[in-house]
There are 2 protein chains.
Amino acid sequence: MLNHVRALRKKHGMTQAALAEAMGVSRNTINSIEVGRYVPSLPLALCLARFFGKPVEEVFDDQHEQSSSHNL
Amino acid sequence: MLNHVRALRKKHGMTQAALAEAMGVSRNTINSIEVGRYVPSLPLALCLARFFGKPVEEVFDDQHEQSSSHNL
DNA sequence: GCAGTATGTCAAGCATACTTGGCACATTGG
DNA sequence: CCAATGTGCCAAGTATGCTTGACATACTGC
């Protein structure tokens, strides 16, 4: 699951900690999503997309994900 | 987390079992999402939205959710 | 009455999202 | 030199998405 969280966050001039607080999650959660350790929940994905003013599909690329085969 | 999965599924003339198979998940998963027992993962939400030809935001309403207070 | 289909729900188990708290490293500026 | 800031990562614990398998209900048509 590719995502553009890091690029969008930097475009907003925010740190991981600041974005985390804005989303109501921990810094570790934002960091883990940015580096691809796991994919966010739907509520968090909606929250991030809304925050960045973009549709969820533009922030998260489920199509050409590189990661290991089986999804969900 | 409100969603329009049931309405969209019926609009496609499908059963829960058929939609489940199309999404690659169990019937129980589709049923649980429709009746609001839990919200789907982001990959499944993207898959459902893509299947119905709608943006994720139109299938899942995070804004006016009725469910129990704290999110994520 | 009985079989088949569609739905709702439960329990137990596994996978994973998210938490707190901590540590390491690099960069920057006093 | 030293402190502060930003980032990456780890461990252990909790919450929840998803699974299989099963059972109950209702409806339909033979």
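Everything that follows concerns the structure shown earlier in this document.
First, a word on scope: everything that follows refers to the structure included in this document. (Residues numbered from 1 in each chain as written. Chains lettered and ligands numbered in written order. Predicted model: local features only at pLDDT ≥ 70, side-chain atom pairs only at ≥ 80, totals over all residues. Heavy atoms only, no water.)

Across the contact, 22 residues belong to chain A and 22 residues belong to chain B. Viewed at the interface, chain B and chain A are joined by two salt bridges. Across the pair Arg50 of chain A and Asp62 of chain B runs a salt bridge, and its minimum N-O distance is 4.0 Å. In this assembly, chain A and chain B are joined by two residue pairs in polar contact (both at pLDDT 80 or more). At the level of elements, helix H4 (42-52) and helix H5 (56-59) of chain A are the ones that each hand at least two residues to the side of chain A that touches chain B. (Contact = heavy atoms within 4.5 Å. Salt bridge = Lys/Arg side-chain N within 4 Å of Asp/Glu carboxyl O. Polar contact = N/O pair within 3.5 Å; in protein donor to acceptor, adjacent residues only side chain to side chain. Helix = DSSP H or I, 4+ residues; strand = E, 2+ residues; numbered from the N terminus.)

Quick look at the packing of aromatic side chains now. All names here are of chain B. Under the criterion given, the structure shown has two aromatic pairs over all chains. An angle of 75° between the planes, with centres 5.5 Å apart, marks the rings of Phe51 and Phe52 as edge-to-face. For Phe51, a relative accessible area of 32% translates into the label partly exposed. Judged by its relative accessible area of 8%, Phe52 falls in the buried class. (Phe/Tyr/Trp six-rings, centres within 6.5 Å; stacked < 30°, edge-to-face > 60°. Buried < 20%, exposed > 50% of the residue type's maximum accessible area, 1.4 Å probe, protein only.)

Residue and element names in this part refer to chain A. Counting through the fold element by element, Gln16 comes out in helix H2 (residues 16-23). A relative accessible area of 14% means that Gln16 is categorised as buried. Measuring from C-alpha to C-alpha, the distance between Gln16 and Arg6 comes to 8.6 Å, with 10 residues separating the pair along the chain. Excluding residues within four positions of it along the chain, Gln16 makes contact with Arg6, Arg9, Arg27, Ile30, Asn31 and Glu34.

This brings us to the protein's contact with DNA strand C. What surrounds DNA strand C is a group of 20 residues, the closest being Thr29 and Tyr38 of chain A together with Gln16, Asn28 and Asn31 of chain B. A breakdown of the atoms of DNA strand C within 4 Å of the protein gives sugar and phosphate a share of 61%. In the environment of DNA strand C, a phosphate oxygen lies 2.6 Å from a nitrogen or oxygen atom belonging to the side chain of Gln16 of chain B. Within the side chain of Asn31 of chain B, an N or O atom sits 2.7 Å from a phosphate oxygen of DNA strand C. (Near = heavy atom within 4 Å.)

Below, the discussion takes up the protein's contact with DNA strand D. As a matter of local geometry, DNA strand D sits amid 20 residues, with Asn28 of chain A together with Ser26, Thr29, Tyr38 and Ser41 of chain B nearest to it. In the environment of DNA strand D, a phosphate oxygen lies 2.6 Å from a nitrogen or oxygen atom belonging to the side chain of Gln16 of chain A. In this structure, Arg37 of chain A approaches DNA strand D through a side-chain N or O atom, which is 3.1 Å from a phosphate oxygen. Where the surface near DNA strand D is concerned, the elements lending two or more residues are helix H1 (5-11) and helix H3 (27-34) of chain A together with helix H3 (27-34) of chain B. Among the residues forming the surface near DNA strand D, the class breakdown is six nonpolar, nine polar and five charged. (Nonpolar A, V, L, I, M, F, W, Y, C, P; charged D, E, K, R; others polar.)

Residue and element names in this part refer to chain A. Packing of H2 against H4 leaves a shortest axis separation of 10 Å and a crossing angle of 110°. Relative to H4, H2 is oriented roughly perpendicular. For the element pair H2 and H4, the recorded crossing hand is right-handed. Side by side, H2 and H4 meet where Leu19, Ala22 and Met23 of the first sit next to Leu44, Cys47, Leu48, Phe51 and Phe52 of the second. For the contact of H2 with H4, the class distribution of residues is eight nonpolar, no polar and no charged. (Axes fitted to C-alpha atoms, helices over the stretch in contact; angles between N-to-C directions. Parallel < 35°, antiparallel > 145°, perpendicular 65-115°, else oblique. Left-handed = near helix turned anticlockwise from the far one by under 90°.)

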